[in-house]
Amino acid sequence: MTLAADPARDPGHDGVQPSGAILPARGLGDRVSAVFWRHPNVLLATLLALPLLWLVVVYLGSLAALLMQSFYSIDEFSGQIRREFTLSTYAELLRPANMDIIIRTVAMSAAVTLGAVVIAFPIAYFAARYARGHWKALFYLGVMLPLWSSYLVKVYAWKLILAREGIITWATDGIGASAVLNGILALPVIGGNSLSTSYIGTWLVFLYVWLPYMILPMQAALERVPQSMLEASADLGASRWQTMQTVVFPLALPGIIAGSIFTFSLTMGDYIIPQIVGSSRRFIGQAVYQLQGTAGNIPLAAAFAVIPIVIMLIYLTVARRKGAFDAL
Amino acid sequence: MRHLRLMGTTALAAMLGVTPALAQVGALGTPEGKLNIVAWPGYIERGETVADFDWVTKFEEATGCMVQVKTANTSDEMVALMNEGGFDLVTASGDASLRLVAGGRVQPINLSLIPSWGTVDERLKNAPWYVVDGVHYGVPYQWGPNVLMYNTEVFGDTPPTSWNVVFEEMDLPDGQTNKGRVQAYDGPIHVADAAQYLMFHKPELGITSPYELNQEQYNAALDLLRVQRTLTARYWHDAFIQMDDFRNEGMAASGTWPFQVNLLQADGVPVASVIPQEGATGWADTTMMHVNAENTTCAYQWIEHTLSSNLQADLSVWFGANPVVPAACTDGRGMQTAEGCTKNGFDDFERIRFWTTPVTRCESQEECVPYYRWVSDYIGVIGGR
C-alpha cells in the first residue's frame, strides 16, 4: 500500500505528500470518472444515449413512418400503393362511412369517460377521505384486482353476462323487470337485439375495463385537497354541497382530467372489445387493423391511425392548461 | 433401400454435373434436418393443443426433419412472409396462391417425386388456383365449404333450403322473425356469398363468378348486404365467439365453417348444417414451396407425408375440413370416417365456389371491383351505410 493511496492511515506524517484531494489516477475507471467529473454533459449524454435512441428511433421513427404512409395513396385501378405525396387519402376519411367510424369512436370515448367520472368520483372520494387502515388496503386491492386478471378473460366474461340468455336477462325476468330491459334495448341507436350486441353493452364493458385508470389519479388528487380548506370553507358558512362545488371539485379537477386522458385514449385505441361485444360496427382500431391486414390499404389505415393522435394532442394541450399533469 | 437409392441418385447427379437448371427439383438428396413452414393456425399440430391431434412428431422421427411452423392469420401475412423468404413451404389459400405464383415466390413441384400424388382427389389434381399453364405449383392440402348452420329447435324437421334465411327478412318455422337472429361473416369475402345468392336468384345480372363482379353486380350485392345488416345483430369474426352466440344469444342461422358445427354438436347444442340450393363458397389450401427453399428434400418428404400419413384424416376432423386424399375418409389411417367427410361437405365439391382474390383484371369481364374496395365498402355496410 502506498502512502498516496491512503493518507488517512498516517495522519501524523508530515512528508512531501500533496494535498489529499488530488491523487494520481489508479486505472481506467478513475480516468473515465475524471472525464465525467470535468465534463458533466458527457455523463449526461452517456446515460441518456440509450433511452434517447429508443425514443427517437423506435418511437418517433415509427410515428414518422406512419405519418409518411398516410400521405401515400392506393391506386384505384391496380390496388398498388403509390409512393407520392398526396392528401387524397385524408380526403377519403371524409367519406360518410369513414366519418361514421371516427364519430362513433370519439362519441364512445367521450361517453366512457363521462360514465367513468360519474362512477369513479364517489369511490375515489370515499377512499381518499374516509377509508382508513385495512379499509384503505382493501380499496386498493379492489380497484387494482381487475387489472391483474387477463383483459380477454374479463371481456369474454362480460359477453356472457350481457348475452341474451345471460345472467342479466335472467335476473330482470326473475324480478319482473324484463319490460324495462326490453324498453332500454328498444332505444334507437344505442339499443339492439341484446345487451351484448348493442352500444350499451360495449359502453359497459369499456367502462368496467378502464375504470381503475380513472379512480386512481382521481383519488390521488382528492387526497391532496387540504383538510384545512374544507374547515375554512365550513367556518365561512358554506354548505357541504357548496364546499364540494367550489373547493373540492376544482382542486380535484386535474386528477379527473388525468384520469380522463387514460379512459379517453384507451377507448379510442381499443379494437378488441368492440369486436367481442357490440354490433360489429367498426371503431377506429378495428378499421386500422382490417385495412392494413386484409386490404393492404396501408395509406388509409395510417390516415385512420393519425386521427386518435391528433385528437389526443388537442386533448393533452387542453389538459395541460388545466394542470392535469401535476396530478399524475 | 430407398435411402440407398436416394444417395445413388444424388451421387449420379453430382457425377454428371447436373445442376437444377430447371426451376423444379429433379431428385431428392439427404434430408437437411429441418423444415420451415408458414401455415394457418391449427393447421400443423404436434399434439400440443390436444394430444390426439399430432401429425408432426412421427414425421420428425422418420425423417429427422425438425418442423418449424410460423403461423399467419391472413393470406396477406402469408404472402408477406413468403416475400421476405427464409421459409420452405406455405399452406396457401386460393386468395394467396395465385399471387405467390404471379410474384414468382414459389417453384413448380416435381410430382414424380411424390409417390402418393396418385391418391389425390381427381377433382383437385388440376385445380386452377395452383396449376398455371399445366404446371403444378403445389400440392393440395385441405379444403372445406362455408356451410349454412341452423338451430334445429327453430327449424324443426325442415332444414332451410336457401340462403334467404340470412339475406331476407322472413318468419322462421318457429313463427318468429329472423330479425336479430342471424349472423354473417365479417370478412369482406362475404360479399361473394351475397353475389352467389344473386347469381341464383337474379340471373339477369349475369354474374358468372361471385369473385368477379362488375360495378353493377357489385352494387346489387352490396344492396343485398345492406338488407342483411338490418337482420344481423352481430357479425362473426372469431369462430369461438360465434359458437358462444349460438349458445347464449338465441341465434337461429348463419353461414359458418363445419369446424363450428362439429364443435357445437359435440357439446350438445341443437344445430345442424346444410349447403343450400344456391351452393356455397369455400376454401381450398395448397402446400407450396418457396422458390429459394433451402430444405428441399425435407420439403418433398413433408409433402409426401401430408398425403400419405394420418394428417389428411386427423386434420379434417380437427378443422372440420375435407381431405384431399379421398381414401383418408374411409381407410382408417386417422380418425376421419365416411360419415365425417359427408358432414364436412366432401360430396358437395361441385357446388362450392372456392375463395379467390377479386382483382381488377378479371377473366370473365372487362373490369372487376378489386378486393381493397370490397374491404372499405363492407366496413361501410356493417356501419349502416
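Quick caveat, the model's predicted, so the values are computed rather than measured. Numbering of residues starts from 1 in each chain and follows the order in which that chain's sequence is written. Chain A is the first chain written and ligand 1 is the first ligand written, with later ones labelled in order. Only residues with pLDDT of 70 or above have their local features reported here, since the model is predicted, and side-chain atom pairs are shown and tallied only from 80 upward, although totals for entire chains, interfaces and linings are computed over all residues.

## Digging into helix 10 (residues 258–266) of chain B
Residues and elements named next belong to chain B.
Thought 1: Whether a residue is buried, exposed or partly exposed follows from its count of other C-beta atoms within 10 Å of its own C-beta, namely 20 or more, 12 or fewer, or something in between, respectively; the C-beta atoms are built from the backbone. Only runs of H or I of at least four residues qualify as helices and only runs of E of at least two qualify as strands under DSSP, and these elements are numbered from the N terminus. Within helix 10, the full set of buried residues consists of Pro258, Gln260, Val261 and Leu264. When helix 10 is viewed along its axis, its buried side chains cluster within an angular range of 160 degrees and face the same direction.
Thought 2: Backbone geometry just downstream of helix 10 places glycine 268 in the positive-phi region, at approximately 80 degrees. Note: the arc covers the axis-to-C-beta directions of the helix.

## Details of the sheet that holds strand 8 (residues 147–151) of chain B
Thought 1: DSSP calls a pair of strands paired once it identifies at least 2 bridges connecting them. Spatially, four strands are ordered 9-10-8-11 (chain B) in an open sheet, and the strand pairing comes out mixed. Of all the strands in the sheet, just strand 9 (182–183) and strand 11 (271–274) of chain B have a single pairing partner and so form its edges.

## Some words on the domain arrangement of chain B
All names here are of chain B.
Thought 1: Here the bounds of each domain stem from an automatic or database domain assignment. Domains assigned within chain B are domain 1 (22–143 + 283–332) and domain 2 (145–282 + 353–382).
Thought 2: One C-alpha centre belongs to domain 1, the other to domain 2; they are set 29 Å apart.
Thought 3: The interface of domain 1 with domain 2 comprises ten residues on the first partner and ten residues on the second.
Thought 4: Going through the elements one at a time, helix 4 (94–102) and strand 12 (280–290) are the ones with two or more residues in the side of domain 1 that touches domain 2.
Thought 5: The greatest single-element share of the side of domain 1 that touches domain 2, amounting to three residues, is contributed by helix 4.
Thought 6: Polar here means any residue other than Ala, Val, Leu, Ile, Met, Phe, Trp, Tyr, Cys and Pro, which are nonpolar, and Asp, Glu, Lys and Arg, which are charged; Gly is therefore polar. Taken together, the residues of the side of domain 1 that touches domain 2 sort by class into five nonpolar, three polar and two charged. Residue pairs qualify as contacts under a 7 Å threshold applied to their C-beta atoms, which are placed from the backbone.

## Quick notes on the confidence of the model for chain B
Residue and element names in this part refer to chain B.
Thought 1: For every residue, the predictor states its confidence as a pLDDT score lying anywhere from 0 to 100. Looking at chain B as a whole, the pLDDT averages 88, with 94% of positions reaching at least 70.
Thought 2: Low pLDDT (under 50) marks residues 1–22, which in the prediction has ten contacts with non-local residues, meaning those over four places away or in another chain.
Thought 3: Among the scores for the predicted complex, ipTM is 0.73 and pTM is 0.77.

## Some remarks on unusual backbone geometry
Residue and element names in this part refer to chain A.
Thought 1: Of note in the backbone geometry, valine 189 takes a positive phi value of approximately 65 degrees without being a glycine.
Thought 2: You can see valine 189 is positioned in the loop between helix 8 (178–185) and helix 9 (199–223).
Thought 3: Here serine 280, not a glycine, exhibits a phi torsion of approximately 75 degrees, which is positive.
Thought 4: Examined against the element boundaries, serine 280 turns out to sit in the loop between helix 12 (273–276) and helix 13 (284–293).

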